Every structure is written in structure tokens, then in C-alpha cells.
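Listed below are the residues making up each chain.
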Amino acid sequence: MTKTLLLLPGDGIGPEVIAEVRRVARALWPDLALEEAPFGGAALDAGGEPVSDATVARAKTVDAVLMGAVGGPKWAGVARHLRPEAGLLRLRKEMEVFANIRPALCFAALADASALKREIVEGLDIVIVRELTGGVYFGEPRGIEDIGGGEKRGVDTQVYTSNEIRRVARVAFELARKRGGLVHSAEKSNVMETGLLWREEVTKLHAADYADVKLEHILADNCAMQLVKAPRQFDVIVTDNLFGDILSDEAAMLTGSIGLLPSAALGEAGKPGLYEPVHGSAPDIAGQGLANPLAAILSFEMALRLSLGRADLADRLSAAVKTALDKGARTRDLGGAMGTREMGDAVLAAL
Ligand code: IPM
Ligand code: MG
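The structure presented is a predicted model; accordingly, all values stated were derived computationally and were not measured.

**Things to note about the packing of aromatic side chains**
Okay, so step 1: According to the stated counting rule, one finds 2 aromatic pairs in the structure shown.
Okay, so step 2: Measuring from ring centre to ring centre gives 5.4 Å for Y160 and W198, while their planes differ by 75°; the resulting arrangement is edge-to-face. Linking Y160 in the loop between β7 (151-155) and α6 (162-178) with W198 in helix α7 (residues 193-209), this pair joins segments that are 38 residues apart in sequence. By the burial criterion, Y160 is buried, and W198 matches it.
Okay, so step 3: With 4.9 Å between their ring centres and 15° between their planes, F173 and Y210 make a pair best called stacked. Separated by 37 residues along the polypeptide, F173 in helix α6 and Y210 in the loop between α7 and β9 (214-219) bring together distant segments of the chain.
Okay, so step 4: The exposure class of F173 is buried, given its relative accessible area of 0%.
Okay, so step 5: Note that R130 overlies the ring of Y137, its terminal NZ or CZ placed 5.2 Å from the centroid.

**Points about the site of ligand 1**
Okay, so step 1: Around ligand 1, the surrounding shell consists of E85, R92, R102, R130, Y137, D245 and E276.
Okay, so step 2: Here an oxygen atom of ligand 1 sits 2.8 Å away from a polar atom, N or O, in the side chain of R102.
Okay, so step 3: Here an oxygen atom of ligand 1 sits 2.6 Å away from a polar atom, N or O, in the side chain of Y137.
Okay, so step 4: Protein chains shield 76% of the accessible area of ligand 1, which is 320 Å² for the free molecule.
Okay, so step 5: Grouping the amino acids of the shell around ligand 1 by side-chain chemistry returns 1 nonpolar, no polar and 6 charged.

**Things to note about the side chain of H206**
Okay, so step 1: Along the chain, H206 turns up in helix α7.
Okay, so step 2: In this structure, H206 is in contact with F173, A211, V213, K214 and L215, ignoring residues within four places of it in sequence.

**Regarding the pattern of salt bridges**
Okay, so step 1: All told, the structure shown has 30 salt bridges when counted by the stated rule.
Okay, so step 2: When the shortest N-O distance is used, the salt bridge between E94 and R90 registers 2.9 Å. Placement of the pair is E94 and R90 together in helix α4 (residues 84-95), with a separation of 4 residues, close to one helical turn.
Okay, so step 3: In this structure R90 comes out as partly exposed when scored by relative accessible area, which is 27%.
Okay, so step 4: The salt bridge partner of K214 is E216, with a shortest N-O separation of 2.8 Å.
Okay, so step 5: One salt-bridge network, held together by shared partners, links E20, R23, R341 and D345.

**Quick notes on the sheet that holds β9**
Okay, so step 1: Strands sit in the order β2-β1-β3-β12-β11-β4-β5-β10-β8-β9 across an open sheet of 10 strands; the sheet is mixed. Of all strands in the sheet, those bounded by a partner on one side alone are β2 (33-36) and β9. The average angle at which neighbouring strand axes cross in this sheet is 20°, direction not considered.
Okay, so step 2: Two elements, strand β5 (residues 125-131) and strand β10 (residues 236-239), share 4 bridges in a ladder whose sense is parallel. When the sheet's bridge partners are listed, V129 is paired in β10 with V238.

**Some thoughts on helix α3 (residues 53-61)**
Okay, so step 1: Here α3 has its buried residues at T55, V56 and A59. Angular distribution of buried residues about the axis of α3 spans 100°; they occupy a single face of the element. Those residues of α3 that are exposed and aimed more than 90 degrees away from the buried face are D53, A54 and T61.
Okay, so step 2: Structurally, α3 contributes buried residues whose contacts are with β1 (4-10), β3 (64-69) and α4.

Conventions used here
- Residues numbered from 1 in each chain as written.
- Chains lettered and ligands numbered in written order.
- Predicted model: local features only at pLDDT ≥ 70, side-chain atom pairs only at ≥ 80, totals over all residues.
- Heavy atoms only, no water.
- Phe/Tyr/Trp six-rings, centres within 6.5 Å; stacked < 30°, edge-to-face > 60°.
- Helix = DSSP H or I, 4+ residues; strand = E, 2+ residues; numbered from the N terminus.
- Buried < 20%, exposed > 50% of the residue type's maximum accessible area, 1.4 Å probe, protein only.
- Lys NZ or Arg CZ within 6 Å of the ring centre and 35° of its normal.
- Near = heavy atom within 4 Å.
- Polar contact = N/O pair within 3.5 Å; in protein donor to acceptor, adjacent residues only side chain to side chain.
- Areas by Shrake-Rupley, 256 points an atom, 1.4 Å probe, with all protein chains shown as cover.
- Nonpolar A, V, L, I, M, F, W, Y, C, P; charged D, E, K, R; others polar.
- Contact = heavy atoms within 4.5 Å.
- Salt bridge = Lys/Arg side-chain N within 4 Å of Asp/Glu carboxyl O.
- Pairing = 2+ DSSP bridges.
- Axes fitted to C-alpha atoms, helices over the stretch in contact; angles between N-to-C directions.
- Arc of directions from axis to C-beta.

It is worth stressing that arrangement in space is one thing and function is another; only the former is reported here.
Okay, here's the thing in C-alpha cells:
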């Protein structure tokens, strides 16, 4: 049966990195059906919405969706519900991809590109499992209201149900079982009610189904500190939407470049996954052919493995990326001089 991948290039460097994914996909799996739709600011400019109903509907029926990046200064003044980012949040919510898997892997060849010392990051291999469809990103009420006397009040709501916590924690425990057998659950149970519930639910689930996995609770601020102090103590970190957003950027930088990190957002088994490079739209270098396409290419690798049923091709692709890096392929973020297209060429050559 033909499998279908929906590409959403989006904004900024998104179209450039997705173009390289397209070339790699063509070479690796000629029969994979590739579709494409406008997304984010590009969709807003073209059709008045950051994601159309048709794109959302299609995203729910294909086998996997791969996004480039969204947002940029051009849309900074747009109303919140029309912002490019709102399109991404809507897509995550409607696809019900509640578990965002963000690996941070330090390739040996790149340990010196990290801002931390080689001995601290070399061999780093951790995964952040970020809750993606709940918490303060979606909680109601929210808004900015006038409270008189020239004053305003801004409100966001952090909210989690037991089920939302359990299902993402389950993903983390399952993953840890196949890796180092250790889960750190990060929250702020010392000050937040949602943090307390988070800790209780994770503890219960662990005792009931995952006693073979080692569980550590860690306060999110301490987790941020430990990530730069001794990152290799971690295996899998499970955390909420906002902490996960922040901690995954931090973890990304440990590896030498955010330009290298892929992510997978997954829902219930059998539903299409949403794959995204962790980097943003990088407006400062957009359109110049300078962006590193590896995060997008590695996101495709995760899609092959987790949604498209082709672990064999995923293995070949990750080996090709490693070979390209070992042979010295470097975009500017990695201290080299290659452009987007040349890095794509290096991966294709290694394939
Ligand atoms: C991310 C990004 C998004 C987020 C933005 C673009 C909405 O920072 O995927 O980490 O905050 O989730
Ligand atoms: Mg982020």
C-alpha cells in the first residue's frame, strides 16, 4: 500500500530545509507519495488563515506530516488567533499528538561545537518527552482584559487532567524501557497544583505498570540546572508543555546545534504523527540557502521509523547523516561553510 507524507514547508527557512527532505525522500523511497500544503504565515498570506480546514483534515488522514517552521517578524502584529504559531497549535491539537519526543543526541564529530566542554557532552543521548496538547498553551480562561484606571490584566491557565498526564507518562516509560531504563519527571510540585497532580499520577502509573523502570522526580528549575551541569545523568525526561518547550531548547544547545535536532509528535497508536525540526524559522538567515537541513532530514528519519513502517530506511538515513558529518560536512551553525543544498548533497552522496 502506498504511504503518504504531507509536507508543510511553512515560513522562514522551512521551505529550504523541506526541499532537502524532498530530495532525500525521492532518493530513498521513490514510491512514497509526497503532498504539500501552505502553512503558517505562508498560508495566512495566501488564504487568510495560518492553516486551512482542508489541510487539517488531510493531516488527519495521511500517514505522517512533516513541518518545516512557522512564524517570523512579518506576522508579529497579527491577532493571536491568526498568528502562524496558532496554526501549528491548532494542528497539534486536532491531530491529538499529545506526546512530543525530542531527542538530544551529541554526534561524536560535533562535541566541540557545543557551548559546553567536550567531556560533559560527548556521548550525550537523552530524550525529552514533552506534553504537547494541554497545559498553559491551551488552558482557559486566557486573555488580556482592561481592569480600569489604565490597568490591564493578562491571564493564562495551566490545567492538566489525570488522563493527560498518564498518557504522556506512559509514552516516556515505554521509551525508557527500550533505552536506559530511567525516567525523570520534571514539574514544579513545590508551587503548582498541576505539578502536584503530575507527580501523583506519574508515581501511581509507575507503581502500577512500570516498576522495572527507574523513576526520579525532579523540580523543573533544578532540571534546567542539571542539564548544563551533568546532562548525561538523564535518559528520558517527561514534562509538561511549557517546561518541555524550554528544556528542549536547552537540551538542543548541549548537542552543538539546534540545527540538528528532530522531533516527533505522536498520539494514539495508528494515528499519523507530526514531525518537526526543533529549530524555528530563523528569519535572520531565511532565503539565503544557509540553514542546516539535518534537523528536518532527521525528522523525516523519525517519520520513517515511527509512522511509515520503514525502520530499514530510517537506519540507512541515520547512517548516511552520520557518515556525512564524519566526513566533515558542516553548515555554518556547525562552524563550517556549507549551504543548505550542499549539506543535502552530502547526505545524498552518503546514501
Ligand atoms: C516549539 C516552538 C513552538 C512552541 C512555537 C513555534 C509555537 O517553540 O515547537 O518548541 O512553543 O511549541
Ligand atoms: Mg520551542
